[in-house]
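Observations on chain architecture
Residues per chain, in single letters:
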Amino acid sequence: MSHDPRSPLDAAALRAALPRWHAVDAVETTGSTNIDVTRMASEGAPDRVALVASEQTAGRGRLSRSWTAPAGASIALSALFRPEGVPTEDLGLLPLVAGLAVVDMVRDVAKLPQAAAPGDAVAKPPELGLKWPNDVLLGGRKLCGILVEAASIAPPALVVGIGVNVDLREDELPVPHATSLALAGAENLNRTELAVGLLDALDRRERQWRFDRAAMMADYRATCLTLGTRVRVELPGGGELVGDAADILDDGELVVRDDSGARRTVTAGDVRHLRAAEGGYAGEAAK
């Protein structure tokens, strides 16, 4: 029997499959999972508490952008981490950790189409990776939204919010440059299994961040589609930087080599991947 990807989440299955999490709950509808988990943090919830929802009515992304999807067509989850002993200056790497976890889940659980054998007249599978700092791109289009917020800095209590487009059709996408697992041809659209896979990956990547940051950053660089790409960076407060993405430092900063050959470090900004066009670089391949 085929599975309806928009069927309700299985809260009992979620809890049973995630023994390393202190508590995991599932609801069909809420305003914002980040707001809910932030409230839990203020009430003393411990490390590794998570909430998964089928629908958010007041979901938020970075820069207070709204994040919307039809009921049952996505998974929205928020997780609380209390990373004791992590230096304050390293807390900014957690959004990168979240992006890596989504990539892990898509590869390991969603089961994208496989590459065709040489000579086969089959479409190339969609490319999966990260646009700096943590946009998950699938076939050059944005798959999910990630928002990390601090419920507390000292001691650290960080809420990681992730919304993944699972079963959205083309006419249901919030913006033209978005996509969904269904549109990319993923074989597994079972949202309970996807949520389990995402929380499991988030647990593993968060531990890697705390105990083996060098390995985590090596994995990030290997997954980041921005490296080696011609980019335009819209800088906070106005202004822009155009050049080639040359490196990502261990603290997560992006290094861009501008047209004069100078290396400039970017701490924050909106990146656009540029594609080659006749007469130079023009157009945006991914947003």
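Small disclaimer: the values here were computed from a predicted structure and weren't measured.

How each quantity is defined
- Residues numbered from 1 in each chain as written.
- Predicted model: local features only at pLDDT ≥ 70, side-chain atom pairs only at ≥ 80, totals over all residues.
- Heavy atoms only, no water.
- Salt bridge = Lys/Arg side-chain N within 4 Å of Asp/Glu carboxyl O.
- Helix = DSSP H or I, 4+ residues; strand = E, 2+ residues; numbered from the N terminus.
- Buried < 20%, exposed > 50% of the residue type's maximum accessible area, 1.4 Å probe, protein only.
- Pairing = 2+ DSSP bridges.
- Axes fitted to C-alpha atoms, helices over the stretch in contact; angles between N-to-C directions.
- Parallel < 35°, antiparallel > 145°, perpendicular 65-115°, else oblique.
- Left-handed = near helix turned anticlockwise from the far one by under 90°.
- Contact = heavy atoms within 4.5 Å.
- Nonpolar A, V, L, I, M, F, W, Y, C, P; charged D, E, K, R; others polar.

Let's talk about the pattern of salt bridges
A complete count under the given rule lists 25 salt bridges for this structure. A salt bridge links D200 to R20; the shortest N-O distance between them is 3.8 Å. Residue D200 is located in helix α4 (residues 191-211), and its partner R20 is located in the loop between α1 (11-17) and β1 (23-30); the two are separated by 180 residues in the primary sequence. Overall, the relative accessible area of 30% leaves D200 in the partly exposed class. The class for R20 is partly exposed, based on a relative accessible area of 43%. Linking D200 and R204 is a salt bridge whose minimum nitrogen-to-oxygen distance equals 3.4 Å.

Concerning the sheet that holds strand β6 (residues 141-142)
Strand order in the open sheet made by the three strands is β4-β5-β6, with antiparallel pairing throughout. The strands lining the two open edges of the sheet, one partner per strand, are β4 (128-131) and β6. Note: strand β5 (residues 135-138) against β6, two bridges, orientation antiparallel. Across the sheet, residue L137 finds its bridge partner in β6, namely K142.

Some words on the packing of helix α3 (residues 94-110) against α4
To characterise two packed helices, one gives the angle between the axes of the helices and the distance between these axes. It is the contact of α3 with α4, at a shortest axis distance of 8 Å, that shows an interaxial angle of 135 degrees. By the angle between their axes, α3 is oblique relative to α4. Crossing of α3 against α4: the hand is right-handed. On α4, the residues that touch L94, V97, A98, L100, A101, V102, D104, M105, D108, V109 and A110 of α3 are E193, L194, G197, L198, A201, L202, R204, R205, E206 and W209. Each residue belonging to the contact of α3 with α4 can be placed in one class, and the counts come to 14 nonpolar, one polar and six charged.

Details of the sheet that holds strand β8 (residues 157-165)
As summarised here, the arrangement of the five strands in space is β1-β2-β3-β8-β7, forming an open sheet in which the pairing is mixed. In this open sheet, the two edge strands, each paired with only one partner strand, are β1 and β7 (144-152). Going across the sheet, the axis of each strand differs from the next one's by a mean of 15 degrees, ignoring polarity.

Points about the environment of G99
Along the chain, the position of G99 falls in helix α3. Assessed through its relative accessible area of 0%, G99 is described here as buried. Residues G99 and G145, 46 residues apart in the sequence, show an inter-C-alpha distance of 9.3 Å. Contact partners of G99, with chain neighbours within four places excluded, come to L130, N134, V136 and I146.

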